[in-house]
Amino acid sequence: MVDSQYFLPNDIGISALDCTEAFRLLSPREKLYAHYLSRSAWYGGLAVLLQTSPESASIFVLLQRLFRKQPAAQLESMATAAGLSPEEYQAFLVYAAGLYANMGNYKSFGDTKFIPNLPKEKLKALVWQSQAFQDSPSEMEALWDSCSTLLFSLEDQQKQLGLGDKGVTTYFSGNCCLEDAELAQKFLDSKNLSAYNTRLFKNKSEEGKASYEVRLASAVQKGESAMSFLKSYDCVFMVSRGDYAYLMKKVSENLEKAKEHAANENQKRMLEEYAQSFTFGSIEAHKEGSRFWIKDKGPIVESYIGFIESYRDPFGSRGEFEGFVAVVNKAMSERFAKLVSSAEVLLPELPWPKDFEKDRFLLPDFTSLDVLTFAGSGIPAGINIPNYDDIRQSEGFKNVSLGNVLAVAYATQKDKLTFLDEEDKSDLFQFLQWSLSGPSFEVQVGLHELLGHGSGKLFVQDEKGTFNFEQDNVRNPETGEQITTWYKGNETWDSKFSTISCSYEECRAECVGLYLCLNKHVLSIFGHEDEDANEVVYINWLNMVRAGLLGLEFFTPESKSWRQAHMQARFVILRVLLEAGEGLVTLKESTGKDGRPDALITLDRSKVHTVGKAAIERFLCKLQVIKSTADVEGGRALYEGYSAVSDTGSHNFLRLRETVLLRKEARKMFVQANTRVKGHVELVEYEGSAAGLIRSFTERFADDAEEVEAHLLELNKRDAPFKALLRPRHATALPMPASD
């Protein structure tokens, strides 16, 4: 039998993101601006298929062709004729919806593969019965043959994303391992190139030397050769342009159209630089666009686009494409503005010396948004961007909280609040119902994004030898000794801490949220006083320790690796609070009313402000000191130690993991609207169901579906087979722009 974690359940939650009122209030010009930004995001989001797995793009095209010819309701009769039961057909619809929602056949939250919950021969019979097959039998058969084996395969290496023998990745060719990734990072650093918009392909040795191709995502494909020889390691690196070329061209074209409807000069310059970035593969141009984006304060239509988050790169340096377009929720944004204005008062409350904090806190925008479009592998609750360290440290950043996402993502049923006693379950359920219609759930999100990701200084010695801190005077508060390590030249947080950087930083931000939510001034900003405030604190901490237990779902024992940065972070926090002792947190295994293994986690609310605060204070200071000083060795020892999952010690976490898997709830999926221009911009919405999600995607590319699908297959063909040694696709590119 196949483990149920590799199926999406037929009753999985699927909800429509409501943005009707927000869109209605936009002016005609703002609607056109939002429309073309959305088109740009959706085209770019297709690159995620190519960033996820070798088969994802082909599966996507197969589904598009099936459902473009016959909507879900019509295809059902074909399913019946092919011998599928109603449950099996629903399982197929859920699988298709999952492929679209995750932009690939691996879960965006957890990086686990999912397959259709029906026999392979029955799905093949359905494809053969379909109108798409009747119209183009040879093409559909070839498409099926190209992806059907991997579509259903659950070989050990294919069960999760990872590098080398730990899983599947398309950020690297199949013959790459961790040592290749480390070597490539040294090369990129030496050339002052960012890894964000790259992939790495290792070719057959030439004259005994390893040969690597670094591909930049760009519309432009041709140019001068730019071969570099890394003498210290006896290998050759070649940098080429043209990855996802067709998609990057579509992204740039729609950005240029959006520019015609921009509200101000900052937006125009921002879009110009973004288009330059996607045309030529220049991260420097994207950084310049991000600078204009930061300067665009309080826009009605907010957006960001590019190769942003590095969670799914096994090495932690390459960004997955995402693009969002959203409309400001003014009422909620006012509360965040108050938090921003209090930031300079709250930052000194954090438990590290002032030398470890930025010299000047650049007040950012912090807005609550209703999402119109979020293209990529998943939709977060909040974002703190840009991720470029040099810009964040000296020029600023923006924070956004996605209000209509929060309203859907955290709605749940009381009986699905596992591992809590009945009193805590009732309290948390009531809190969730209340918070989804008010500001209370925004406390942790706001603190996490603004003062978590927005705080802390990196100690840097630049290429000229200049330090941004007083090297002779700054002391390590943990040891009292002089600082001996720091970032040098082009080194960044991601490049130094690589595989642990994402989760470590999420853990630091979560700890800031827990620590500062104890501050009465913070709670009053969000309208919480007295008993109301105490309840918010308790539920916030309870939610975190429960999330730490739930995080075990995302640990893979076979490879001893974590598949989700945030959930690893929450497990680490649970370990820290358990270690604090004194009855602050208790975790016990039990037997449920159904006779199956269960667990109970409790938090002593009377000790949160004492034992809990002291534990988080100590741990948070350690996290920041290690990050500031680029102490990679110390950081790995600390973080990997708390991340360890074993069957020894006071808690058998490996056995608890099995219990968590037994009682897990599938993550919700979102149905997003489309926009189309028919004299004016129309908002097209869909029902919150698998069929609605499928329809939203088939109509998303209705005008050029065949062209898009053909190019996706061609791009996929150039990369295939990822699990074998790849030959260079196009090895002549690159007059590197001076800005790079």
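Just so you know, these numbers come straight off a predicted model, no measurement behind them. (Residues numbered from 1 in each chain as written. Predicted model: local features only at pLDDT ≥ 70, side-chain atom pairs only at ≥ 80, totals over all residues. Heavy atoms only, no water.)

### Some words on the overall build of the protein chain
Rule in force here: We count a stretch as a helix when DSSP gives it H or I for four or more residues in a row; a strand needs E for two or more, and each element gets its number in order from the N terminus. Only the C-alpha atoms count toward the radius of gyration. The rule for a globule is 2.2 Å times the residue count to the power 0.38. Accessible area is worked out with a 1.4 Å probe on protein chains only. A residue is then buried under 20% of its type maximum, exposed over 50%, and partly exposed in between. Any pair of residues with heavy atoms lying within 4.5 Å of one another is described as a contacting pair.
Broken down by element type, the protein chain carries 28 helices and 19 strands. Relative to the 2.2 N^0.38 estimate, which gives 27 Å for 740 residues, the radius of gyration of the protein chain is 25 Å and therefore close to what a compact globule would have. Along the three orthogonal principal directions, the C-alpha set of the protein chain runs to about 70 × 65 × 55 Å. Relative to its 740 residues, the protein chain shows a buried fraction of 60%. Of all intrachain contacts in the protein chain linking residues separated by at least 6 positions in sequence, the fraction that spans at least 24 positions is 76%.

### Side note on the packing of aromatic side chains
Any aromatic ring pair is given by two values, namely how distant the centres are and how the planes are angled relative to each other. So the rule is basically this: The pairing test for Phe, Tyr and Trp rings, Trp by its six-membered ring, is centres within 6.5 Å, and the orientation test on the planes gives stacked under 30 degrees, edge-to-face over 60, and tilted for anything in between.
By the definition in use, this model includes 35 aromatic pairs. An angle of 75° between the planes, with centres 5.9 Å apart, marks the rings of W42 and F697 as edge-to-face. Of the two residues, W42 is situated in helix α2 (residues 28–45) and F697 in helix α27 (residues 690–700); the sequence distance between them amounts to 655 residues. For W42, a relative accessible area of 6% puts it in the buried group. Seen from their ring centres, F459 and F469 are 4.4 Å apart, and the 20° between their planes marks the pair as stacked. Taken together, the residues span a long stretch of sequence, with F459 in the loop between α19 (442–452) and β11 (460–461) and F469 in the loop between β11 and β12 (487–488) at a distance of 10 residues.

### Points about the pairing of strand β3 (residues 209–217)
Note the cut-off: DSSP bridges decide pairing: two strands pair if at least two such bridges lie between them.
Buried residues dominate β3, accounting for 8 of its 9 residues. In terms of strand pairing, β3 meets strand β5 (residues 235–243) through 7 bridges, oriented parallel. Along β5, the bridge assignment pairs A210 with C235.

### Regarding the sheet that holds strand β7 (residues 320–329)
What counts is decided by this rule: Working convention: axes come from line fits to C-alpha atoms, limited for helices to the stretch in contact. Angles between N-to-C directions cover 0 to 180 degrees.
With respect to topology, 5 strands assemble into an open sheet ordered β6-β7-β8-β10-β9, the strand pairing being mixed. The open sheet has two edge strands with one neighbour each: β6 (301–309) and β9 (382–385). When strand polarity is set aside, the average angle formed by the axes of neighbouring strands in this sheet is 35°. Two strands pair when backbone bridges link them, and strand β8 (residues 365–375) and strand β10 (residues 398–402) are joined in this way by 5 bridges, in the parallel orientation. Bridge pairing in β10 places T367 opposite V400. Strands in contact with helix α12 (residues 265–280) are β6 and β7; relative to β6, the strand with the most contacts, it is inclined by about 25°. Running at roughly 150° to β6, helix α13 (residues 283–295) makes contact with β6, β9 and β10 of the sheet.

### Description of the packing of helix α11 (residues 245–259) against helix α28 (residues 705–719)
So the rule is basically this: Put simply, angles under 35 degrees are roughly parallel, angles over 145 are roughly antiparallel, angles from 65 to 115 are roughly perpendicular, and the rest are oblique. Put simply, Ala, Val, Leu, Ile, Met, Phe, Trp, Tyr, Cys and Pro go in the nonpolar bin, Asp, Glu, Lys and Arg in the charged bin, and everything else, Gly too, in the polar bin.
Interhelical geometry of α11 versus α28 gives an angle of 140° and a closest axis separation of 9 Å. On the basis of their axis angle, the class for α11 and α28 is oblique. For the pair α11 and α28, contact is made by A245, Y246, L247 and K250 and by E707, V708, H711, L712 and L715, respectively. Residues that form the contact of α11 with α28 fall into these classes: 6 nonpolar, 1 polar and 2 charged.

### Observations regarding the UniProt feature "active site" (unreviewed entry) in the protein chain
We count it as follows: UniProt positions are given in the numbering used here, feature names are shortened, and annotations may be inferred rather than shown by experiment.
In the numbering used here, UniProt assigns the "active site" (unreviewed entry) feature to E449. Those residues within four positions of E449 in sequence are excluded, and the remaining contacts are F366, G382, I383, N384, N399 and G454.

### Description of unusual backbone geometry
Cis rather than trans, the peptide bond between I385 and P386 has omega equal to 5°. Tracing the backbone through its elements, the reader meets P386 in the loop between β9 and α16 (389–394). Of note, F419 is a non-glycine position whose phi angle comes to about 70°, a positive value. Here F419 is to be found in the loop between α17 (403–409) and α18 (422–435). The buried category is assigned to F419, whose relative accessible area is 3%. You will see that K560, though not glycine, has its phi angle at about 50°, which is positive.

### Details of the confidence of the model for the protein chain
Using the following cut-off: A residue's pLDDT is the confidence the predictor assigns to it, expressed on a 0 to 100 scale.
Residues of the protein chain with pLDDT of at least 70 account for 93%, and the chain-wide mean is 90. Note that residues 724–740 has pLDDT below 50 and, in this model, 65 contacts with residues that lie over four places away or in other chains.

### Some thoughts on the pairing of β10
Among the 5 residues that make up β10, 5 are buried, leaving the element largely enclosed by the rest of the structure. Bridge count for β9 against β10 is 4 bridges, and the pairing is antiparallel. Looking at the pairing, G382 lines up with S401 of β10.

### Considerations on the environment of E256
Relative to the elements of secondary structure, E256 occurs in helix α11. Note on E256: relative accessible area 37%, which makes it partly exposed.

### Concerning the pattern of salt bridges
The condition is simple: Any carboxyl oxygen of Asp or Glu that lies within 4 Å of a side-chain nitrogen of Lys or Arg is treated as forming a salt bridge with it.
All told, the structure shown has 43 salt bridges when counted by the stated rule. With its nearest N and O atoms 3.4 Å apart, the salt bridge here joins E256 to K259. Remark: K259 and E256 occur in helix α11; sequence separation between them is 3 residues, near one turn of the helix. For the salt bridge of E589 with R655, the shortest nitrogen-to-oxygen distance reads 2.8 Å. Of the two residues, E589 sits in strand β15 (residues 585–591) while R655 sits in helix α26 (residues 653–662), which places them 66 residues apart along the sequence.

### What about α13?
Formally: Given a helix with a known number of residues, its expected span is that number minus one, times 1.5 Å. A 3.5 Å cut-off defines polar contacts: any pair of N or O atoms within that distance qualifies, except that in protein one atom must be a possible hydrogen donor and the other a possible acceptor, and neighbouring residues in sequence count only when both atoms are side-chain atoms.
Over its 13 residues, α13 runs 19 Å from end to end, which matches the ideal 18 Å to within 8%, given 1.5 Å per residue. Where burial is concerned, most of α13 is hidden: 10 out of the 13 residues are buried. For α13, the set of buried residues is I283, A285, H286, K287, G289, S290, R291, F292, W293 and I294. Between a side-chain oxygen at the N-terminus of α13 and the backbone nitrogen of E284 the separation is 3.4 Å; the capping residue is S282.

### Section: α11
Between its terminal C-alpha atoms α11 stretches 21 Å, which fits the 21 Å expected from 15 residues at 1.5 Å a residue. By the burial criterion, the buried members of α11 are A245, Y246, L247, M248, K250, V251, S252, N254, L255 and A258.

### Examining the packing of α2 against α11
Remark: α2 packs on α11, axes separated minimally by 8 Å, with the N-to-C direction vectors making an angle of 170°. Between α2 and α11, the angle falls in the class roughly antiparallel. From α2, Y33, Y36, L37, R39, S40, Y43 and G44 reach across to α11, where they touch L247, K250, V251, N254, L255, K257 and A258. A class-by-class count of the residues in the contact of α2 with α11 yields 8 nonpolar, 3 polar and 3 charged.

### Comments concerning the nonpolar core
Counted only if it meets this: Think of a nonpolar core as a cluster: buried Ala, Val, Leu, Ile, Met, Phe, Trp, Tyr and Cys residues, connected wherever their side-chain atoms sit within 4.5 Å.
F60, F67, Y89, F92, L247 and M248 are the most contacted members of the largest nonpolar core, which has 114 residues in total. By residue number, the principal contributor to this core is helix α6 (residues 86–102), which donates 9 residues. With sequence-adjacent residues up to four places away left out, F67 is seen in contact with A72, L75, Y89, F92, L93, A96, Y100, I694 and T698. Counting 93 residues, the second-largest nonpolar core is a separate cluster that includes W486, L542, L549 and Y639.

### Side note on the side chain of K107
For clarity, the threshold we go by: His residues and chain termini do not enter the charge count, which takes Lys and Arg as positive and Asp and Glu as negative.
Examined against the element boundaries, K107 turns out to sit in the loop between α6 and α7 (120–129). One buried charged residue, K107, forms no salt bridge at all, with the nearest opposite charge on E553 at 4.8 Å. Ignoring anything within four residues of it in the chain, the contact list for K107 reads Q5, L8, N102, T112, F114, R312 and K664.

### Points about the UniProt feature "binding site: Zn(2+)" (unreviewed entry) in the protein chain
Here, UniProt's "binding site: Zn(2+)" (unreviewed entry) annotation points to H448, H453 and E506. Sequence-wise these annotated residues cover 59 residues; spatially they are packed, their C-alpha atoms never more than 8.4 Å apart. One can find H448 in helix α19. With respect to the helices, strands and loops of the structure, E506 is situated in helix α20 (residues 493–516). Judged by its relative accessible area of 6%, E506 falls in the buried class. If we skip the residues at most four places from it in the chain, E506 touches Y311, H448, H453, H566 and A569.

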